[in-house]
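Analysis of the macromolecular model
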Amino acid sequence: MIPPAAKQDGGGERRGTLQPITFQVPGKPQGKARARTVYNKNLKHSVSYTPEGDLLYENFIKTMYIQAAQGRKFEDDVPITLKITAHFLPAKSTSKKKQQQMLSGELYPLKKPDMDNIVKVVADALNVLAYHDDTQIVYVEAKKEYSVLEGLDITIEEFRKGK
């Protein structure tokens, strides 16, 4: 059996700390869309639902996590750090010079999706699977950058003060 994440012992020390879990989600990064609300005349009230595209992307993130984590999950009382790097392709119409600047990190993708929506879709997708609830996430490191391969690089680890 793979050991669970850290537990508190009587002296306040953590034991059995789970190693960071890092994985990639290939493809164009997507953000969490707003829930859709429609009026259902049969029920005579409004009903909200998550758009199908969000559900498919969340399931894809879950699948990539399951392959990388091999059954590991952080315990309910462990504070979590979530690190996300979203990689975007430069537009094909971009000049060679500007593409070089983009790929070298001189220019950043100032475009949709918003970084907070990318964080939200990842955090929601990993609920219950990687940790009990996304309320355990106490620290987030997230950035968007250009790359020759698009996708997300995700690392989930136990939060360590000062790191």
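We now turn to the structure provided with this report. These figures come from a predicted structure and were not determined experimentally. (Residues numbered from 1 in each chain as written. Predicted model: local features only at pLDDT ≥ 70, side-chain atom pairs only at ≥ 80, totals over all residues. Heavy atoms only, no water.)

Right, let's talk about the packing of aromatic side chains for a bit. One pass over the structure, following the stated rule, counts 2 aromatic pairs. Ring centres 5.7 Å apart and planes at 75 degrees place the aromatic pair Phe23 and Tyr65 in the edge-to-face group. With Phe23 in strand S3 (residues 21–26) and Tyr65 in helix H1 (residues 52–69), this pair connects stretches of sequence that are 42 residues apart. Across the pair, Tyr65 and Phe23 agree in class, each one buried. Residues Tyr139 and Phe159 carry aromatic rings whose centres are separated by 6.1 Å and whose planes lie at 45 degrees to one another, so their mutual orientation is tilted. Residue Tyr139 is found in strand S7 (residues 137–146), and its partner Phe159 is found in the segment after strand S8 (151–158); the two are separated by 20 residues along the sequence. You can call Tyr139 partly exposed: its relative accessible area is 33%. (Phe/Tyr/Trp six-rings, centres within 6.5 Å; stacked < 30°, edge-to-face > 60°. Helix = DSSP H or I, 4+ residues; strand = E, 2+ residues; numbered from the N terminus. Buried < 20%, exposed > 50% of the residue type's maximum accessible area, 1.4 Å probe, protein only.)

Taking strand neighbours across the sheet as the criterion, the 4 strands line up as S3-S8-S6-S7 in an open arrangement whose pairing is mixed. Looking at the sheet topology across the chains shown, the edges are occupied by S3 and S7. Pairs of neighbouring strands in the sheet enclose a mean axial angle of 15 degrees, with direction left out of account. The strands that H1 touches are S3 and S8; relative to S3, the one it contacts most, it runs at about 140 degrees. (Pairing = 2+ DSSP bridges. Axes fitted to C-alpha atoms, helices over the stretch in contact; angles between N-to-C directions. Contact = heavy atoms within 4.5 Å.)

Further remarks concern the pairing of strand S4 (residues 36–40). In this sheet, strand S5 (residues 45–49) lies alongside S4 in antiparallel orientation, the contact comprising 5 bridges. Across the sheet, residue Tyr39 finds its bridge partner in S5, namely Ser46. Connecting the antiparallel pair S4 and S5 is a turn made up of 4 residues, with Lys44 showing a positive phi of about 60 degrees.

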